[in-house]
Amino acid sequence: MAKLSVIVPAYNAEATLRTAVESILSQQVPELEIILVNDGSADGTAQVCHALATEHSCIHVITQKNSGICAARNRGLEAADGEYIAFCDDDDLFWQDALRLLLQTAEDTRADIVRGGYELLRQRRDGTFAEQPHPAGAACTIELGKSGSYRAFLENSGPQFVWNALYRRTALLGLRFNERCSVGLEDFVFNAAAYRRISKAVYIPQVVYRHFESAQSTSCAHSAQALLGRIRALEPWMEAEYHAAQRWCGPEEMQAVWKDRRAQAVTFLMHQLRDAHAPGPLRRMAWRTLREVLAPYPGGMLDILHDAGHNKKQTMALLLYQMRLQKLYDLLPVGKDSL
């Protein structure tokens, strides 16, 4: 059995895949397994995959018809043999010694999940990439039955992506990416579902990963279809977040955490609709859907604003949402929206 399996879904990544894989190989992790899942690429990705597998015996290739990143990651999870699992996008990089640091932290603390800091570079209109600064949180731990605030853990560890984390494979048995979320939010849904089943998680602020958000990234909505995919994902996202919070929080913290999670949903959708210049009918459908998704859960929208600790821009977004004037959010300066 391998110590670590790194799952790399690859789609039309002929130009970037080798660099991403080499960043994993350079970690010098013993008993390493790399699983490349070629998701029906139409360029030379298949050739790159097989060339890498020929050069390195630790690399295994899976080929499937184009089914999306969730299906590709799920194929990787089914094939993974490692004690621990990590994910890498086909155009990203692990920092030097990052995987060894995550592994050592997991073994020292016996954590089921270890999260690290990350660096985000967003593509400009001219094709170059600019770093998007975001402060690292403080190191923290949550463990069932012991001290540690779930709310503080979420605030410190930041947006719940999968590529800056390490997972104990036995803690993920049976857990898969929700394929309804193939064009966004899949990481958030997966991690919230993971927190429902684990007993301990650790966050370390050291940067372990460099993520490139290209103009074609699934993080960006370029079409009505992409936006609809995000709207459909709101229900499983909020369901997973609510049940994860129930597992970790007492009544008082539960109320605060759920305020935060609902606020995240409101501001996420506002950013998506603004950045995509969504037309009126789609906007109305999106907000109607979010209100319907949140309706079964406790708490009204006004209490999101009470003692929630949001920044000024988030507070304005929530006020506009409560007043049903979401379109006015488009008039705010874009600036550097945090993820």
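J.: Hey, could you run me through empty space enclosed by the protein in this one?
T.: The gaps of empty space that remain are located by a probe, the size of a water molecule, rolled over the atoms. The full count for this structure, using the stated rule, is one cavity of 30 Å³ or more. Along its surface, the largest cavity is lined by Tyr150, Leu154, Gln160, Phe188, Asn191, Ala192, Tyr195, Glu241 and Arg261. Contributing elements (two or more residues each) for the lining of the largest cavity: helix 5 (150-157) and helix 6 (186-195). By residue number, the principal contributor to the lining of the largest cavity is helix 6, which donates four residues. The residue makeup of the lining of the largest cavity, split by class, is five nonpolar, two polar and two charged.

J.: I would appreciate a short explanation of the packing of aromatic side chains in the present structure.
T.: Aromatic ring pairs are described here by two measures, namely the spacing of the ring centres and the angle between the planes. By the definition in use, this model includes 20 aromatic pairs. With a centroid separation of 5.6 Å and an interplanar angle of 45°, the aromatic rings of Phe161 and Phe188 are classed as tilted. Placement of Phe161 in the loop between helix 5 and strand 9 (165-168) and of Phe188 in helix 6 is noted, with a sequence separation of 27 residues between them. Centre to centre, the rings of Trp163 and Tyr209 are 4.9 Å apart; their planes meet at 10°, and the pair counts as stacked. Taken as a pair, Trp163 in the loop between helix 5 and strand 9 and Tyr209 in strand 10 (residues 200-213) lie far apart in primary sequence, 46 residues in all. We classify Tyr209 as buried; its relative accessible area is 0%. An aromatic cluster is built from Phe94, Tyr118, Phe161, Trp163, Phe188, Tyr209, Trp237 and Phe268, whose rings are joined through pairwise contacts. The aromatic ring of Phe87 is capped on one face by Arg73, whose charged end is 5.8 Å from the ring centroid.

J.: I would appreciate a short explanation of the side chain of Ser41 in the present structure.
T.: Mapped onto the fold, Ser41 is located in the loop between strand 2 (32-39) and helix 2 (45-55). Here Ala10 takes part through its backbone oxygen, which lies 3.4 Å from a polar atom of the side chain of Ser41. Within the structure, the side chain of Ser41 is placed 2.8 Å from the backbone nitrogen of Asn12, a separation counted as a polar contact. If we skip the residues at most four places from it in the chain, Ser41 touches Ala10, Tyr11 and Asn12.

Cut-offs used in this document
- Residues numbered from 1 in each chain as written.
- Predicted model: local features only at pLDDT ≥ 70, side-chain atom pairs only at ≥ 80, totals over all residues.
- Heavy atoms only, no water.
- 1 Å grid on protein atoms, 1.4 Å probe; cavity = no way out; pocket = protein on both sides within 12 Å on 5 of 7 lines; lining within 4 Å.
- Points joined across faces, edges and corners; volume = space filled by probe spheres on them.
- Helix = DSSP H or I, 4+ residues; strand = E, 2+ residues; numbered from the N terminus.
- Nonpolar A, V, L, I, M, F, W, Y, C, P; charged D, E, K, R; others polar.
- Phe/Tyr/Trp six-rings, centres within 6.5 Å; stacked < 30°, edge-to-face > 60°.
- Buried < 20%, exposed > 50% of the residue type's maximum accessible area, 1.4 Å probe, protein only.
- Lys NZ or Arg CZ within 6 Å of the ring centre and 35° of its normal.
- Polar contact = N/O pair within 3.5 Å; in protein donor to acceptor, adjacent residues only side chain to side chain.
- Contact = heavy atoms within 4.5 Å.

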